[in-house]
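If you want the building blocks of each chain, they are given just below.
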Amino acid sequence: MDNKHFLAVDIGNSWYKAIASDAALVNEYQIPNALALFDEEYYEKPYDDEDINFEENLIIEIKSHAIVDKREIYYIGKSAAKQRDVSLTAINNQKVDEDRTYILLFGLAAYHAVLVNQEETEINYHIDQLAASLPTTQYKEKKDLFKQRLMGTHTVIFHKVPGMLEPKEVTVKLHVHDVVIGVEGACAYLGLTRDQDTLGIKDDSIVKDSLKGVIIGDLGGDTVDFVGIKNNKPVASVEGEPFGINQFLDHIIQKVSKNEFYRFDSRSELEEKLAKGQSEWYVEPFAGVKKDISKYIIPQLRAMAIKYLEYFDRVRSSSTEIKGAARYIAVGGAAKLAKKQIQQASVKWAERGRPIQLFFPEDMEKLNVLGLMILAKMNQLKKDQVSTIDYETVKV
């Protein structure tokens, strides 16, 4: 499988996270789930291309059977987040039915293709296995439709590419040969328990705990999803409770704007600041003037932590399949940001007589995409084995 091209994409309401594996060379990416229409009239031309970061200037046009409107040009990711008319996700968005899913997913895949073929302006990039995930209900109802739309050839044209001669365009044809769809949360369990290279079990303790039951709480941008695992298989789920970090980020942004006269370009800008740690929790509304904003951040993280535990308590009490679970696992970038506050809140929960001892795994913010990469490799392995069996049968 070392000569295959794998792409795993976690379609989050806050971030699109991707892992690309080309001939065993691995690259990781993360862009905000942000989209904005491009208007040539309002495009600010840079003084010098060297001042432009390509990742922050992704302007794309997509021609694909998956897209309804093939005439528009879009900013995606960080470049979109800076625009006034930026489009962010809505709670309970239907990922399979929305153009933004394919615009961002194919745009991110094509961006990777450009980076690994930097000398070319006409690129054909072949993906042997594309793995993407859906929330449980959407998976049950639209898995096959999603797979159908992702398969085939999709053309992505990058406009205003820094460092290129006019017309400053790069065209990427993405050839998707096979697709596998996973379930959010269940993919995190795969990423947590399986080895990326051997695909075998790497953590026996969690697998053993699954005999009694494991609950995974995936805290995202707009929703929190819970998946119950028993005997190493998903058995229960609570999808898309309308609660996530975005509402708390918005509150912080509003407070900082009102009281400190500083406006964040986007939620992602604030989230990246939070991820750097409390030593970076300040803004500079004026040159040389630093304002500590931790007083706006910490209360919001505490409020989110308490609510997160409330949902955990509700799920473990209401689900018959995973009552008496042996382990509760926190997953997602938002849970990682609020780890300290969640741990503090769990102490108070224990004092109430309802202890919730959460396990915070390594790489908890990217377990879903790690699990998707494992799923892609497993699907290819299964495909290769079938091909071998068919060949041997014919030979005999």
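Chains are numbered independently. Their residues run from 1 in the order of the written sequence. Where totals are concerned, whole chains, interfaces and linings use all residues; where local detail is concerned, this predicted model gives features only for residues with pLDDT of at least 70, and gives and counts side-chain atom pairs only at 80 or more. Calculation of side-chain values draws on the structure's entire complement of heavy atoms; hydrogens and water are dropped beforehand.

## A short note on helix H4 (residues 186–193)
Here's step 1: Most of H4 sits out of view: 8 of its 8 residues are buried.
Here's step 2: Taken residue by residue, H4 has Ala186, Cys187, Ala188, Tyr189, Leu190, Gly191, Leu192 and Thr193 as its buried positions. A simple rule labels every residue: compare its accessible area, found with a 1.4 Å probe on the protein chains alone, to the largest value its type can have, and call it buried under 20%, exposed over 50%, or partly exposed in between. Note on conventions: DSSP H or I runs of at least 4 residues are helices, E runs of at least 2 residues are strands, and numbering of each starts at the N terminus.

## Thoughts on the packing of aromatic side chains
Describing an aromatic ring pair means giving the distance of the ring centres and the angle of the ring planes.
Here's step 1: Aromatic rings from Phe, Tyr and Trp, taking only the six-membered ring of Trp, are treated as a pair when their centres fall within 6.5 Å; an angle between ring planes under 30 degrees marks them as stacked, one over 60 as edge-to-face, and anything in between as tilted. If you walk through the whole model with that rule in mind, you get 13 aromatic pairs.
Here's step 2: Centroid distance phenylalanine 38 to tyrosine 75: 5.4 Å. Interplanar angle 65 degrees. Geometry classified as edge-to-face. Placement of the pair is phenylalanine 38 in the loop between strand E4 (35–37) and strand E5 (59–63) and tyrosine 75 in strand E6 (residues 73–76), with a sequence separation of 37 residues.
Here's step 3: Judged by its relative accessible area of 14%, phenylalanine 38 is buried.
Here's step 4: Three or more aromatic residues joined by ring pairs form one cluster here, namely Tyr29, Phe54, Tyr111 and Phe158.
Here's step 5: Two conditions define a charge located above a ring, namely a distance within 6 Å from the ring centre to NZ of Lys or CZ of Arg, and an angle within 35 degrees of the ring normal. Sitting above the plane of the phenylalanine 359 ring, arginine 327 keeps its charged end 4.8 Å from the centroid.
Here's step 6: Looking at arginine 352, its charged tip hangs above the ring of tryptophan 349, at a distance of 4.5 Å from the centre.

## Describing the pattern of salt bridges
Here's step 1: Salt bridge, as applied in this entry: a Lys or Arg side-chain nitrogen positioned within 4 Å of an Asp or Glu carboxyl oxygen. Here the structure, examined in full by the defined rule, presents 17 salt bridges.
Here's step 2: Notably, a salt bridge pairs aspartate 209 with arginine 327, separated by 2.7 Å at the nearest N-O pair. Of this pair, aspartate 209 sits in helix H5 (residues 204–209) while arginine 327 sits in strand E17 (residues 327–331); the two residues are 118 residues apart in sequence, bridging distant segments of the chain.
Here's step 3: Using a relative accessible area of 17% as the deciding quantity, one classes arginine 327 as buried.
Here's step 4: The closest approach of N and O atoms between aspartate 250 and arginine 267, which form a salt bridge, is 2.9 Å. In this pair, aspartate 250 sits in helix H6 (residues 246–260) while arginine 267 sits in helix H7 (residues 267–275), placing the two residues 17 residues apart along the sequence.
Here's step 5: Aspartate 250 gets classed as partly exposed once you look at its relative accessible area, which sits at 24%.
Here's step 6: What emerges from the salt-bridge pattern is a single network uniting Glu55, Lys78 and Glu272.

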